[in-house]
Amino acid sequence: MSVPVRTDDHLSVSNVAEVNNLKHVYGKTVALDNVTLQIATGKSLGLIGPDGVGKSTLLGLISGARKMQGGAISVFDGSMASAKHRNAVCTRIAYMPQGLGKNLYQELSVRENLDFFGKLYGQSRSERHARIDRLTQATGLADFLNRPAGKLSGGMKQKLGLCCALIHEPDLLILDEPTTGVDPLSRRQFWELIDSIRAERAGMTLLVSTAYMDEAERFDSLVAMDAGRVLASGTPAEIKATTNTDSLEKAFVALLPIDKQGNRKDLMIPPMISTEGEPAIVAEGLTQRFGDFTAVDQVSFKIHAGEIFGFLGSNGCGKTTTMKMLTGLLPPTDGKAWLWGKVVDASDLATRYRVGFMSQGFSLYGELTVQQNLQLHARLFHISAVKTQQRIEELVNRFGLTDYRNKQAASLPLGLRQRLSLAVAVIHEPEMLILDEPTSGVDPVARDQFWEFLIDLSRNQNVTIFISTHFMNEALRCDRISLMHAGRVLVQDDPRRIAESFGGGAHGLEEAFIQSIEKASRETKENSKATESTGASLQPMSASLVNSPRFPGLTRLLAFSYRETMEVMRDPVRLKFAFGGSLLLLLVIAYGLSSDVENLAYAVLDQDQTPASRAYLQEYSSSRYFLQEPELRNKDDLEARLATRQITMAIEIPPSFGRNLKRGGNPEVSVWIDGAETSRAATIEGYVEGAHAKFMERLGRENSSAQIPREQASFQFRYKYNPTFESIYAMGPTIPTMMLLLFPAILMAVSVAREKEIGTITNFYVTPTRRMEFLLGKQLPYIGIGMANFAILTLVVVFLLQVPMKGSLITLTLGALLYVTATTGYGLLVSNLASSQVTAVLLAAILSMMPTMQFSGMFQPVSTLEGAARVMGTMWPAAYYLHISVGTFTKGLSAFALLPDLIKLAMFPPVFWFLCVLLLKKQEK
Amino acid sequence: MRTAAIIFWLGTKELRTLIGSIALMGFLIYSFTFSVYQQSQGVPEDVNRASVAIVDEDQSTLSRNMRSALYPPYFKVPEGITADQIDPLMDASRYLFVVVIPPKFESDVREGRSPEIQVNIDATAVRQAALGAGYIQSILATEISRFANRNDSSSVLPIKLIKRKAFNPNGTNKWNRAVTGLLDQLSMLTIILTGAAILREREHGTLEHLLVMPITSFELAFSKVWANGLVILVFFTLSMLFVVEGAIGVPFAGSRLLLLMGTVVYLFAAAAVGILLATIARSMAQYGLLCLITIIPMMMLSGGMSPLESQPDWLQRITWFLPSRQYMSFAQAIAFRGVGFENVWPEFLAMCGLGQAAFLGSLALFRRSISATG
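Residues numbered from 1 in each chain as written. Chains lettered and ligands numbered in written order. Predicted model: local features only at pLDDT ≥ 70, side-chain atom pairs only at ≥ 80, totals over all residues.

1. Side note on the interface of chain B and chain A
No. 1: Each side of the interface is counted separately: chain B has 120 residues, and chain A has 124 residues.
No. 2: Among the elements that make up the side of chain B that touches chain A, the one with the highest residue count is helix α6 (residues 126-148) of chain B (13 residues).
No. 3: Taken together, the residues of the side of chain B that touches chain A break down into 61 nonpolar, 41 polar and 18 charged.
No. 4: Taken together, the seven bridges between strand β23 (residues 668-674) of chain A and strand β5 (residues 160-166) of chain B define a ladder with parallel strand orientation. Bridge pairing links Asp674(A) to Ala166(B) in β5(B). (Contact = placed C-beta atoms within 7 Å. Helix = DSSP H or I, 4+ residues; strand = E, 2+ residues; numbered from the N terminus. Nonpolar A, V, L, I, M, F, W, Y, C, P; charged D, E, K, R; others polar. Pairing = 2+ DSSP bridges.)

Okay, here's the thing in structure tokens:
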């Protein structure tokens, strides 16, 4: 079913984009079902409809960030299915994804974020500078240039996001729900900003999605969507006219199929029963500081039993933090809170039975079904099996979850998940509900149903409800509300009374808030300049400044590197772990892993007890390798003590050993060695043979009668490269091989997987960045970290472990550079395979551990390995670097001698890059 | 009772999640089958196919006999080189050992002049160098003595040394390596999985959700321990029976039940360490690095990779606190020496104690770590 969309009255105007029969599915869920629409040049088009109806998918597809499945999209006269065309037009499109600051780098400052985007579009330094100045002047961000994006308020984050989108003067600006989660004042400012930009750049087309129906009035034309389909389109006036309604909110409900409309009566809220008695929640001067940032500042309120108390304010204003303090999740820095007269105490379990909590976003177990989620929570609250069954039936019916009972929670659309979350929160019939933005992203009909339930709980069961919301019409349903801004409560009263002086209703309430936020902002000077554009022009840049750099690809690559470096520098804990950790491991292993076995416990079973036998045994007791334990009593004792590891070796001397020896009767001496640890056993065997041979030699010297044959030949051992034959000289150059693989690989792997999880990878999708630019750009800083690590480890090996370096430092450094490039390349590869950070860490660590530790020659030369182990050793870069490191340190080999290893090592990075480029997609699936 | 029920139900949830995750199950299967098997097969002997060259300046029957006395599996077939090639070829790591037989060696031996054989050893591979040199000496000495005493049967050595290896008569390397490999996988996966389970809940916000319910940190942590522990115990048991005993063929001397009991205790300790790390780390990146810093020493210093006796005294005192070291000696004692509980109870107790300490430590840090990420 598709509705042809007429977006403009003047049919002569060309279209920026045309969408034909677009289809898109996620697994079994249909996101877009045959959507067709045109977007006229220079106009603004609004997509309206709740979350999960396909708006974001549509915008993602038009912007080229998402990979098309079926249908056709043409933007700027070319198909978006063609990579070549996408690449050509992406500089004319700007896309701001959904979510506050979703495409921003939270650790970076406002200026650094803007600078990064400027670089991606190949702008020169002076040009970027000029643009950043003008954009931040116009948006009022100029005063906060050095503040990290993560510490901006919700509204300011969105303004920054907009600036980042505008830095390359796009012809098509795509904004996905830019004002969700933003306070009323910032929302108004945001739209004023958009209006002024459009006024100055007449040719620019605007494509916006929104869940706020009141915002939709301002667009030239609208497209109403539900369940992946277009319900209606036209100018706002046309839509209202065809549905015969006076507001877009009502018009939208009217457009829905009958079964989805719910009961269209306005909600009636019976008055509160009484405000007598002990208050359910009391907060006094609640304050929360994170470092130098005050999230909540002296918040106080009293909430009565059965009251619905609304909490309003933009994201990041402190609502969630306040709620966490009330639930005991977060101990307040200052101030106190009481629930039913008892101070909130994290260890007080009894209170928790009385509270239901629904946190922001979805926090149930996605892998469990609806039924399993409900059951699990019932069990955790100790509800009897019978009662559980009954309660689940009741809730499933009440919340319309019957059809979804056996579906995995993660597969449900957002509205249903929110209902499930609420069902879970009330399963134990709590006396108090703390709900953190339970309705954001839920469609109007579902929101009304949700509120019906809340009102029933409050009025009929006297449940206290503490709820936060962004919607003014929801705020009006509360008994009292409190508006928070920048950690402080600005107003607290009956919402109707607040709205009264501004004409009543949701608009009055919004106006009231805007005024109080403006007042507060004037006091704190924040946002003060943001109210109006300061007149800075957003006209296109003069040509003199627009000079592209000679190597735009290199600029983009370095932009990624610079940004990554800044991010790493802002999280020094990671670096401390990496440097400190590898250092610690180097020392522990160097001192701990040695095969110089000494002080081996042994005992003797001397059945002869003659001077001859004692002389023989003296060879052992005088050796530094052996440590004598009390003598053995008999064979059983021997076996028992070996089994219990009291001794690792036993010598048995037979009776009449001395006599036999004198007579040339060739007596036998038996030695038992604990063979459980094979290599130790082999070492002991060597020591035993040594001691035995020494005695023979002595015997030969003392008694040169013909019976004792002289040694026929002597052996001279030359221990090359490590004359004192100490493990440390072998381990010192060896261990860094492992450190330089594992640490850079893990850091690298997590870094790309994190971008995927957070969503900043979108910036790679929609900017002209090429794959290699992205990969190398991300890799460079980690190569740098790896080299710094190499420097530290080398210094420690030389000066602390005192392993002299006989060869050339330059060769070693070159080898390390190639090696670290290979190991970070491995990290890159792994992060392209992994979808989450957990998998990335697992892959990077577990898969590399065995080939590095076992098969690269750290303890066992590769040449002595067999089968698959040998193959793995040869195919793994560690073996070659190990050889370079050992060769340089102990053998003093020249670069020429190490050339084969250097060449082989140099072959790894290109292979990894090649695989990465194959795996890395330039679009989201 | 209440606590037991909560721990049970939370744990079943954990089991569902774990078993439902294809990636994690894949890791477990890979680690407990392929990884363990490869680790045991890769290095059949400590000295295996060591590369040898001979500089034969004598070119006599004896020197040729000596050359052919060195053969696989300990050594590769020796290659003949000249004296001036020794240094460059050893530099290039072509040979671990180069034996130099001087001119007139045979006649010197015959005339009892006790000539000198020079053995050049690449001492950067310490273990192979030490053992291999010993082997070379004894093999060549036997060969020379056989030559010298061809017609003289009377001259045998005055004392005969009989060496017996208890618990592993043939000194088969793969037995020990199989058990060490299995134990390493056990430590690594238990720690990573249990800790990641906590981190995952924290990242998805479900941890907060649980902590506002009437559930104590203890119940939460313990449910993770038993659920992850159980899955790994199942894999461990299967791997022990079908990979270590079955495919690799390690004979099992002691009681399997006792080993499993000890494994349960160790799993508790290792899982507790994983939870402790997860409460310290603030992000997945930090957790990954912390795991490395913890797991590598646990694996390398447990006594499986190199003998405990070779650790310096001060280090041995520190490594006593590694649960992996206690478990390694516990497992070796049961698997190879076949001892009973009366001989391994100290390790058993130590594991219990260490596990408990780690567990209590993680509980103490638990709430703090939640609020810190708030």
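2. Topic: the sheet that holds strand β2 (residues 79-80) of chain B
No. 1: With mixed pairing, the five strands of this open sheet are ordered in space as β24(A)-β4(B)-β3(B)-β1(B)-β2(B). Looking at which strands have only one partner, the edges of the open sheet turn out to be β24 (714-720) of chain A together with β2 of chain B.
No. 2: Examined bridge by bridge, strand β3 (residues 97-101) of chain B and strand β4 (residues 116-122) of chain B share four bridges and lie antiparallel to one another. For Val98(B), the partnering residue across the bridge sits in β4(B) and is Asn120(B).

3. Side note on the sheet that holds strand β11 (residues 293-303) of chain A
Residue and element names in this part refer to chain A.
No. 1: Strands sit in the order β11-β10-β13-β14 across an open sheet of four strands; the sheet is antiparallel. Where the open sheet ends on each side, the last strands, each with one partner, are β11 and β14 (342-343).
No. 2: The sheet contacts of helix α10 (residues 319-327) involve β10 (281-290), β11 and β13 (334-339), and relative to β10 the element is tilted by about 120°. (Axes fitted to C-alpha atoms, helices over the stretch in contact; angles between N-to-C directions.)

4. Focus on the domain arrangement of chain B
Size of an interface: often given as the accessible area lost when the parts come together.
No. 1: Assigned domains of chain B: these are domain 1 (2-42 + 173-373) and domain 2 (52-148).
No. 2: Once you take the C-alpha centre of each, domain 1 of chain B and domain 2 of chain B turn out to be 47 Å apart. (Domains from an automatic or database assignment.)

5. Looking at the nonpolar core
Residues and elements named next belong to chain A.
No. 1: In terms of nonpolar packing, the biggest core is built from 401 residues, with Ile174, Ile746 and Ala749 touching the most fellow members.
No. 2: Tallying contributions element by element places helix α25 (residues 727-758) first for this core, with 18 residues.
No. 3: Setting aside residues no more than four positions away along its own chain, Ile174 makes contact with Leu59, Ile62, Ser63, Ile93, Ala94, Tyr95, Met96 and Leu207. (Core = buried A, V, L, I, M, F, W, Y, C linked by C-beta atoms within 7 Å. Buried ≥ 20, exposed ≤ 12 C-beta atoms within 10 Å, placed from the backbone.)

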